[in-house]
Amino acid sequence: MGERAESRHERQRAEPRGLHLVGQDVYADWEAVYRDNVGRIHRLMYAKVGNRPDAEDLTTEVFLTALKPLRVTASIGEVRSYLLATARTVLAEYWRRTLGREVTTLDEELGISTPEPTPENPAAPARAAAILAALPERYRRILELRFLGACSLREAADEMGVTVGNAKVLQHRALRQAATVAEGMLS
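Each chain has its residues counted from 1, following the order in which its sequence is written. In keeping with the predicted nature of the model, local features appear solely for residues at pLDDT of at least 70, side-chain atom pairs appear and are counted solely at 80 or more, and the whole-chain, interface and lining totals rest on all residues. Side-chain calculation: all heavy atoms of the structure are included, whereas hydrogens and water are not.

*Asks:* Explanation requested: the pattern of salt bridges in the structure shown.
*Replies:* Pairing between side chains of opposite charge can happen when their charged atoms approach one another. By convention in these notes, a salt bridge is any Lys or Arg side-chain nitrogen within 4 Å of a carboxyl oxygen on Asp or Glu. The tally for this structure, following the rule as stated, stands at 7 salt bridges. For Asp-36, the salt bridge identified is with Arg-40, shortest N-O distance 3.9 Å. Of this pair, Asp-36 and Arg-40 both sit in helix H2 (residues 30-49), 4 residues apart, which is roughly one turn of that helix. We classify Arg-40 as partly exposed; its relative accessible area is 35%. The partner of Glu-93 in a salt bridge is Arg-96, and the shortest N-O contact between them spans 2.5 Å. Of this pair, Glu-93 and Arg-96 both sit in helix H4 (residues 76-99), separated by 3 residues, roughly a single helical turn. In this structure, a network of salt bridges that share partners links the residues Asp-36, Arg-40 and Arg-80. Put simply, DSSP marks the helices as runs of H or I at least four residues long and the strands as runs of E at least two long, and each gets a number from the N terminus on. Under the scheme applied here, a residue whose accessible area is under 20% of the maximum for its type counts as buried, over 50% as exposed, and between as partly exposed, the area being computed with a 1.4 Å probe on protein chains only.

Take a look at the structure:
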């Protein structure tokens, strides 16, 4: 054996196997976990629910839920991942309680709100029918299913025999074309 191989071999014998020092990539205590992550979790919740009181309640619920099963000795990355997974679960439960149904995808299109009541316009149904009549069949069908038939995106997709993704694209394009048609009617 050469000198280099011998010194490496000696070092390996001197170092105990299976032991390692805990690096600085772990939190000191629960307070450190909270201080480092509360802002991030609160911003996420606020972005999803849109109001401060609910966001604060949900943030508290995330930390209370994570308190027992989460190990402080876990790495910072593991703690953040666990808190994010817990936040998703808490948010899904919030939407289930609030909307009466379980929401498992948290994309931006699920921002459901109640529209303000508008005064009745007697010409509105005729105008809507004229706009729909000016659209291609598939665009007209997706809009009728979604807005006149009150179908969910999944129900409309099933009815049309397309994927949910395709239904989203059709709806988006149909709305853009309907807006163009409506603008043409005004001029």
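*Asks:* Please clarify how the environment of Leu-132 should be interpreted in this entry.
*Replies:* Secondary-structure assignment places Leu-132 in helix H5 (residues 124-133). Judged by relative accessible area, Leu-132 falls into the buried class, the value being 14%. Sequence spacing of Leu-132 and Ala-182 is 50 residues, and the spatial spacing of their C-alpha atoms is 9.8 Å. In this description, contact between two residues means that some pair of their heavy atoms is separated by no more than 4.5 Å. Those residues in contact with Leu-132 that sit more than four places away from it in its chain are Arg-140, Leu-143, Glu-144 and Leu-148.

*Asks:* Which parts of the structure should I look at to understand the nonpolar core?
*Replies:* In globular proteins that are soluble, nonpolar side chains generally tend to be buried together. In plain words, nonpolar cores are sets of buried Ala, Val, Leu, Ile, Met, Phe, Trp, Tyr and Cys residues tied together by side-chain atoms within 4.5 Å. Judged by nonpolar contacts, the single largest core of 20 residues is most densely connected at Met-45 and Leu-83. Per element, the largest residue contribution to this core is 7 residues, and it comes from H4. Core analysis: the next-biggest nonpolar cluster, separate from the first, contains 19 residues, Cys-151, Met-160, Val-162 and Ala-167 among them.

*Asks:* Any chance you could explain the side chain of Thr-86 here in plain terms?
*Replies:* With respect to the helices and strands, Thr-86 occurs in helix H4. Judged by relative accessible area, which is 8%, Thr-86 ranks as buried. Apart from the residues lying within four places of it in its own chain, the contact partners of Thr-86 are Val-62, Thr-65 and Ala-66.

*Asks:* Sorry if this is basic, but what is going on with the packing of helix H6 (residues 137-148) against helix H7 (residues 153-160) here?
*Replies:* Two numbers describe a pair of packed helices, the interaxial angle and the distance between the axes. Here an axis means a line fitted to C-alpha atoms, over the contact stretch when the element is a helix, while the angle between two N-to-C directions is reported on a 0 to 180 degree scale. Put simply, H6 and H7 touch, their axes get as near as 9 Å, and they point 140 degrees apart. Looking at the two axes, H6 sits oblique to H7. When the axes of H6 and H7 are compared, the crossing they make is right-handed. On the side of H6, the interface is formed by Arg-138, Arg-141, Ile-142, Leu-145 and Arg-146, while H7 contributes Leu-153, Ala-156, Glu-159 and Met-160. Relative orientations are named as follows: roughly parallel for angles under 35 degrees, roughly antiparallel for angles over 145 degrees, roughly perpendicular for angles from 65 to 115 degrees, and oblique for any other angle. By convention the crossing between two helices is left-handed if the near helix lies anticlockwise of the far one by an angle smaller than a right angle, and right-handed if it lies clockwise.

*Asks:* Hey, could you run me through the confidence of the model for the chain in this one?
*Replies:* Low pLDDT means the predicted atomic positions in that stretch should not be read closely. Within a predicted model, pLDDT stands for the predictor's per-residue confidence, ranging from 0 to 100. Summing up the model confidence of the chain, the mean pLDDT is 77 and the portion of residues at 70 or higher is 75%. Across the chain, the element-wise mean pLDDT spans from 50 in helix H1 (residues 3-14) up to 90 in helix H3 (residues 52-67). Low pLDDT, under 50, characterises residues 15-23; the predicted model gives this stretch 0 contacts beyond four residues in sequence or across chains. Confidence over residues 103-118 falls short of pLDDT 50; this stretch has 14 contacts with residues more than four positions distant or in other chains.

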